[in-house]
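Each chain, letter by letter, is given below.
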Amino acid sequence: MTADCLFCKIVAGQVPATVLYDSERTLAFRDINPQAVAHVLVVPKQHHEDAVSLATDAAGLLAELVTAAAAVAEAEGIVDSGYRLVFNTGPDAGRTVFHAHLHLLGGEQLGPFGRH
Ligand code: AMP
Ligand code: ZN
């Protein structure tokens with residue numbers, strides 16, 4: 001656990017969240033400010049700064065985030081309608097939480113991707 005990391009605190013149960021999926025090494029919970037009907041964050045329980053450090057230090061865990069997201073999509077009933085998986089990195093992407101997290105967005109037709 002990294003001090004003052006919001007998602008470490010959610011993993012530790014110190015900050016409440018609506019948990020949808022809980023595996024040995026990953027946790028998925030609803031985004032507090034949803035940008036789609038279904039907006040879920042999938043995080044590694046271990047603190048890693050971002051997707052790149054996950055890929056470098058724990059590639060298997062990065063893959064587990066994707067399979068956890070697929071399990072959430074199944075549970076949300078959005079496999080056939082489709083969904084988007086996003087890692088934000090750095091200020092241009094509006095990154096705000098520095099514990100690696102995979103956004104799962106779906107449940108409705110999503111807007112155009114990229115600029116504004
Ligand atoms: P990012 O901009 O990629 O760093 O995404 C951080 C996400 O965390 C945003 O979509 C926020 O709405 C979400 N978020 C912030 N605080 C919480 C919280 N306490 N519980 C769930 N999601 C949160
Ligand atoms: Zn953390």
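As shown above, the structure is provided for reference.
Everything in this summary refers to the structure shown in the same document.

Rules behind the numbers
- Numbering of residues starts from 1 in each chain and follows the order in which that chain's sequence is written.
- A letter from A marks each chain and a number from 1 marks each ligand, given out in the order of writing.
- Where local features are concerned, this predicted model is filtered to residues with pLDDT of at least 70; where side-chain atom pairs are given and counted, the filter is 80 or more; whole-chain, interface and lining totals use all residues.
- Only hydrogens and water are removed before side-chain values are computed, so all heavy atoms of the structure are retained for them.
- With water excluded from the atoms, a metal site may look incomplete; its donors are any N, O or S atoms within 2.8 Å, or within 3.2 Å for Na, K and Ca.
- Helix and strand definitions follow DSSP, with helices as H or I runs of at least four residues and strands as E runs of at least two, each counted in order from the N terminus.
- Each residue is placed in one exposure class: buried if its accessible area under a 1.4 Å probe, protein chains only, is under 20% of its type's maximum, exposed if it is over 50%, and partly exposed if it falls in between.
- Near is defined per residue: the residue qualifies when any heavy atom it owns lies within 4 Å of the molecule or strand.
- Polar contacts, as counted here, are pairs of nitrogen or oxygen atoms within 3.5 Å of one another; within protein the pair requires one atom able to donate a hydrogen and one able to accept it, and residues that are adjacent in sequence qualify only if both atoms are side-chain atoms.
- For the accessible areas, the method is Shrake-Rupley and the probe is 1.4 Å, while residue cover comes only from the protein chains on display.
- Here the nonpolar group is Ala, Val, Leu, Ile, Met, Phe, Trp, Tyr, Cys and Pro; Asp, Glu, Lys and Arg are the charged ones; every other residue, Gly included, is treated as polar.
- Counted charges follow a simple rule, with Lys and Arg positive, Asp and Glu negative, and His plus the chain ends left uncounted.
- We count a salt bridge whenever a side-chain nitrogen from Lys or Arg sits within 4 Å of a carboxyl oxygen from Asp or Glu.
- Any two residues whose heavy atoms approach within 4.5 Å at even a single point are treated as in contact.
- For two strands to count as paired, DSSP must find a minimum of two bridges between them.

Here we look at the coordination of the zinc ion (ligand 2)
Logical step 1: Protein coordination at the zinc ion (ligand 2): the donors are C5 (SG), C8 (SG), H47 (ND1) and H99 (ND1), at 2.0 to 2.3 Å from the metal.
Logical step 2: Mapped onto the sequence, the donors of the zinc ion (ligand 2) take the spacing C-x2-C-x38-H-x51-H. Taken together, the residues span a long stretch of sequence, with C8 in helix α1 (residues 6-11) and H47 in the loop between β3 (38-44) and α2 (51-57) at a distance of 39 residues.
Logical step 3: Overall, the relative accessible area of 4% leaves C8 in the buried class.
Logical step 4: Among the residues examined, H47 registers a relative accessible area of 26% and is labelled partly exposed.

Remarks on the site of ligand 1
Logical step 1: Taken together, 16 residues lie around ligand 1, and D31, N88, T96, H101 and H103 are the ones closest in.
Logical step 2: Interatomic distance of 3.0 Å between a backbone N/O atom of G94 and an oxygen atom of ligand 1.
Logical step 3: Considering ligand 1 on its own, with 500 Å² of exposed area, one finds that the protein chains cover 84% of that surface.
Logical step 4: Listing elements by their share of the shell around ligand 1, those giving two or more residues are α1 and β2 (26-30).
Logical step 5: Split by residue class, the shell around ligand 1 holds seven nonpolar, six polar and three charged.

Re the side chain of D31
Logical step 1: For D31, the position within the fold is in the loop between β2 and β3.
Logical step 2: No salt bridge is formed by the buried D31; its nearest oppositely charged neighbour, R30, is found at 10 Å.
Logical step 3: Side-chain polar atoms of D31 contact the backbone nitrogen of N33, separated by 2.8 Å.
Logical step 4: Residue contacts for D31: discarding those within four places in its chain leaves H39, V40, L41 and H103.

Concerning the pattern of salt bridges
Logical step 1: Tallying each qualifying case throughout the model produces four salt bridges.
Logical step 2: The partner of D22 in a salt bridge is K45, and the shortest N-O contact between them spans 2.5 Å. Of this pair, D22 sits in strand β1 (residues 19-22) while K45 is found in the loop between β3 and α2, placing the two residues 23 residues apart along the sequence.
Logical step 3: Owing to a relative accessible area of 27%, K45 belongs among the partly exposed residues under this scheme.

Some remarks on the environment of A38
Logical step 1: Note that A38 resides in strand β3.
Logical step 2: Overall, the relative accessible area of 4% leaves A38 in the buried class.
Logical step 3: Separated by 40 residues in sequence, A38 and I78 have C-alpha atoms that sit 8.7 Å apart.

Observations concerning the pairing of strand β5 (residues 102-106)
Logical step 1: With respect to burial, β5 is a largely interior element, five of its five residues being buried.
Logical step 2: For β3 and β5, the ladder comprises five bridges, and the chain directions are antiparallel. What sits directly across from L41, in β5, is H103.
Logical step 3: The pairing of strand β4 (residues 83-86) with β5 spans four bridges and is antiparallel. Residue V86 lies in a different strand from β5, and its bridge partner there is H103.

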